[in-house]
Amino acid sequence: MESTQKKSSARPVHRSDRIKQIFVLVSMVSFGGSAIFGIFSLFSSGLSSQHQQKPTPVAVSQESLLAAQERGYETVLQREPQNQTALEGLANVRLQMNNKVGAIEPLEKLVKLNPGRSDYKALLRQVKK
């Protein structure tokens, strides 16, 4: 009678082990498949991006950069007319653009706001020549 009980109890354990093995096998295949799919999609997107190279940005001229800076300083000065950083930047940008007449106004404001700064006075005299 004991041998019959051992056989019947041994069979469910074996069956349980078999189910575990199948579950592990299915899990491994699923993991491997998803890993392979991920790697494949990574490489395929990398290859497709190489073929679709982005157009190189158009070289922006120095003049357009200076004009953009000038507009930025002017915008700041509309809100804060006595902003010394914006006044100095505007004067420098206009001098770089060879707009000496345009640089006079911000330099005069800087001299008026900072009467002790001799460098502003000297630059204003030099621009007015």
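One can find the structure itself at the top, above this paragraph.
These numbers come from a predicted model, not from an experiment. (Residues numbered from 1 in each chain as written. Predicted model: local features only at pLDDT ≥ 70, side-chain atom pairs only at ≥ 80, totals over all residues. Heavy atoms only, no water.)

(A) Just the environment of threonine 75, in detail. Along the polypeptide, threonine 75 turns up in helix H2 (residues 62–79). By relative accessible area, threonine 75 is classed as partly exposed at 40%. (Helix = DSSP H or I, 4+ residues; strand = E, 2+ residues; numbered from the N terminus. Buried < 20%, exposed > 50% of the residue type's maximum accessible area, 1.4 Å probe, protein only.)

(B) A look at helix H5 (residues 118–128). Buried within H5 are the following residues: Tyr120, Leu124 and Val127. One face of H5 carries all of its buried residues, which in axial projection span an arc of 65°. Of the exposed residues in H5, those oriented more than 90 degrees away from the buried face are Ser118, Arg125 and Gln126. Buried residues along H5 sit against helix H3 (84–96) and helix H4 (100–113). (Arc of directions from axis to C-beta. Contact = heavy atoms within 4.5 Å.)

(C) Quick look at a nonpolar patch on the surface. A cluster of nonpolar side chains, namely Phe23, Val24 and Met28, defines an oily patch on the protein surface of about 340 Å² accessible area. Within the secondary structure, phenylalanine 23 sits in helix H1 (residues 2–51). For phenylalanine 23, a relative accessible area of 58% translates into the label exposed. (Patch = residues over 30% accessible without salt bridge, like charges linked within 9 Å, V, L, I, M, F, W, Y side chains within 5 Å. Areas by Shrake-Rupley, 256 points an atom, 1.4 Å probe, with all protein chains shown as cover. Salt bridge = Lys/Arg side-chain N within 4 Å of Asp/Glu carboxyl O.)

(D) Spotlight on the nonpolar core. Counting residues in each nonpolar core, the largest one holds 14 residues, and the members touching the most others are Leu77, Leu107, Leu110 and Leu124. Of all elements in the fold, only H2, H3, H4 and H5 reach the threshold of two or more residues within this core. Looking at this core, the element that brings in the most residues is H4, giving five residues. Among residues more than four places away in sequence, those in contact with leucine 107 are Ala91, Leu123, Leu124 and Val127. (Core = buried A, V, L, I, M, F, W, Y, C linked by side-chain atoms within 4.5 Å.)

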